[in-house]
Amino acid sequence: VPTKKVFVPDYIERWLFSVKCNTIRGTTLDSYEEILDNHIRPKLSHRQIGNVTSMELQELLNETVGKMAYRSAKWIRDCLKFPFEYAEACGDIQRNPMAIVELPSSEFYIDPKDIVILEADEVEALEKIARERCFEKNFRLAPLVVFLLKTGLRRGELMALHLDLVFWDSKRLS
């Protein structure tokens, strides 16, 4: 299959694991994968790398306004920008559609300081729902939700957690 006919998410995934994986930390790779799966694949899974337009990519970034922090939108932009730059440099595409795409101004994004901290009763209610529904098909991650609620771990800390850092008897993490 000629490279320009490869679908955008497939090209980005290949770029991640062929080019970037040995130049970035594992947690960064995990973040790129999460962005690819949650933001890029749903919007561009049907678009070929050689046919996607700057307008489509701009619209994808514009949809992030008011839905996330500016830093998260920058990650999405970078997850698109770098693979397209690579594709153009390698001759896989003739023109980089990300070259003229602009990230909307930071003033239009959610301020990270505005993230709501749950009250104790809200945590209890969420934990109760997670425990009650953990065996349902769409709630198989419910035990993880309870674990995160109880420990307060952030995503990066969770990704770095290894079983040898869990002390089951004393109920501690190291």
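Refer to the structure above for everything that follows.
Residues numbered from 1 in each chain as written. Predicted model: local features only at pLDDT ≥ 70, side-chain atom pairs only at ≥ 80, totals over all residues. Heavy atoms only, no water.

Enquirer: Would you explain the overall build of the protein in this entry?
Expert: For the protein, the helix and strand inventory stands at seven helices and two strands. For a compact globule of 174 residues, the expected C-alpha radius of gyration is about 16 Å, and the protein comes in at 20 Å, more than 25% above that figure. Based on the C-alpha atoms only, the size of the protein along its principal axes is roughly 60 × 35 × 30 Å. When burial is assessed residue by residue, the protein has 27% of its 174 residues classed as buried. Taking as baseline every contact in the protein between residues at least 6 positions apart, the subset at least 24 positions apart corresponds to 62%. For the protein, the computed accessible surface area is about 12000 Å², with 53% contributed by carbon and sulfur atoms. One way to put it: in the protein the 25 positive side-chain charges average out to a point 3 Å from where the 27 negative ones average out. (Helix = DSSP H or I, 4+ residues; strand = E, 2+ residues; numbered from the N terminus. Rg over C-alpha atoms; globule rule 2.2 N^0.38 Å. Buried < 20%, exposed > 50% of the residue type's maximum accessible area, 1.4 Å probe, protein only. Contact = heavy atoms within 4.5 Å. Areas by Shrake-Rupley, 256 points an atom, 1.4 Å probe, with all protein chains shown as cover. Lys, Arg positive; Asp, Glu negative; His and termini not counted. Charge placed at Lys NZ, Arg CZ, Asp CG, Glu CD.)

Enquirer: Please clarify how the packing of aromatic side chains should be interpreted in this entry.
Expert: Centre-to-centre distance and the angle between the planes together describe a pair of aromatic rings. Summed over the entire model, instances satisfying the criterion amount to three aromatic pairs. Ring centres 6.5 Å apart and planes at 80 degrees place the aromatic pair Trp-15 and Tyr-32 in the edge-to-face group. One end of the pair, Trp-15, is in helix α1 (residues 8-20); the other, Tyr-32, is in helix α2 (residues 26-44), with 17 residues separating them in the sequence. Taken individually, Trp-15 and Tyr-32 each receive the classification buried, so the pair is uniform in this respect. Look at Tyr-70 and Tyr-109: their rings are 5.5 Å apart centre to centre, the planes differ by 65 degrees, and that puts the pair in the edge-to-face class. Linking Tyr-70 in helix α4 (residues 70-90) with Tyr-109 in the loop between α4 and α5 (120-133), this pair joins segments that are 39 residues apart in sequence. Take Tyr-109: its relative accessible area is 8%, and that puts it in the buried class. Through pairs of rings, three or more aromatic residues link up here, namely Trp-15, Tyr-32 and Trp-75. (Phe/Tyr/Trp six-rings, centres within 6.5 Å; stacked < 30°, edge-to-face > 60°.)

Enquirer: What exactly am I supposed to notice about the environment of Arg-41 here?
Expert: Following the sequence through the fold, Arg-41 ends up in helix α2. Arg-41 sits in the partly exposed class, given a relative accessible area of 23%. For the pair Arg-41 and Phe-108, spaced 67 residues apart in sequence, the C-alpha to C-alpha distance is 24 Å. Beyond its immediate sequence surroundings of up to four residues, Arg-41 is in contact with Pro-9, Asp-10, Glu-13 and Leu-36.

Enquirer: Whenever I open this one, the environment of Trp-168 confuses me. Can you help?
Expert: For Trp-168, the location among the structural elements is in the loop between β1 (166-167) and β2 (172-173). In this structure, the C-alpha to C-alpha distance between Trp-168 and Glu-102, residues 66 residues apart in sequence, is 48 Å.

Enquirer: Looking at this structure, how should I read the side chain of Glu-127?
Expert: Along the chain, Glu-127 turns up in helix α5. Owing to a relative accessible area of 12%, Glu-127 belongs among the buried residues under this scheme.

Enquirer: What should I look at first to understand the packing of α2 against α4 in this one?
Expert: Angle between the axes and distance between the axes: these two values describe a pair of packed helices. Where α2 contacts α4, the two axes come as close as 9 Å, and the packing angle between them is 85 degrees. The angle between α2 and α4 falls in the class roughly perpendicular. Here α2 contributes Thr-28, Ser-31, Tyr-32, Ile-35, His-39, Ile-40 and Leu-44 to the contact with α4, which in turn contributes Trp-75, Ile-76, Asp-78, Cys-79, Leu-80 and Phe-82. In the contact of α2 with α4, the residues fall into nine nonpolar, three polar and one charged. (Axes fitted to C-alpha atoms, helices over the stretch in contact; angles between N-to-C directions. Parallel < 35°, antiparallel > 145°, perpendicular 65-115°, else oblique. Nonpolar A, V, L, I, M, F, W, Y, C, P; charged D, E, K, R; others polar.)

Enquirer: Is there a simple way to think about the nonpolar core in this case?
Expert: A general trend in soluble globular proteins is that nonpolar side chains are found buried together. Ile-40, Leu-44, Leu-57, Leu-80 and Phe-84 are the most contacted members of the largest nonpolar core, which totals 28 residues. Once residues within four sequence positions are removed from consideration, Leu-57 is found in contact with Leu-44, Val-52, Leu-80, Phe-84, Pro-97, Met-98 and Val-101. (Core = buried A, V, L, I, M, F, W, Y, C linked by side-chain atoms within 4.5 Å.)

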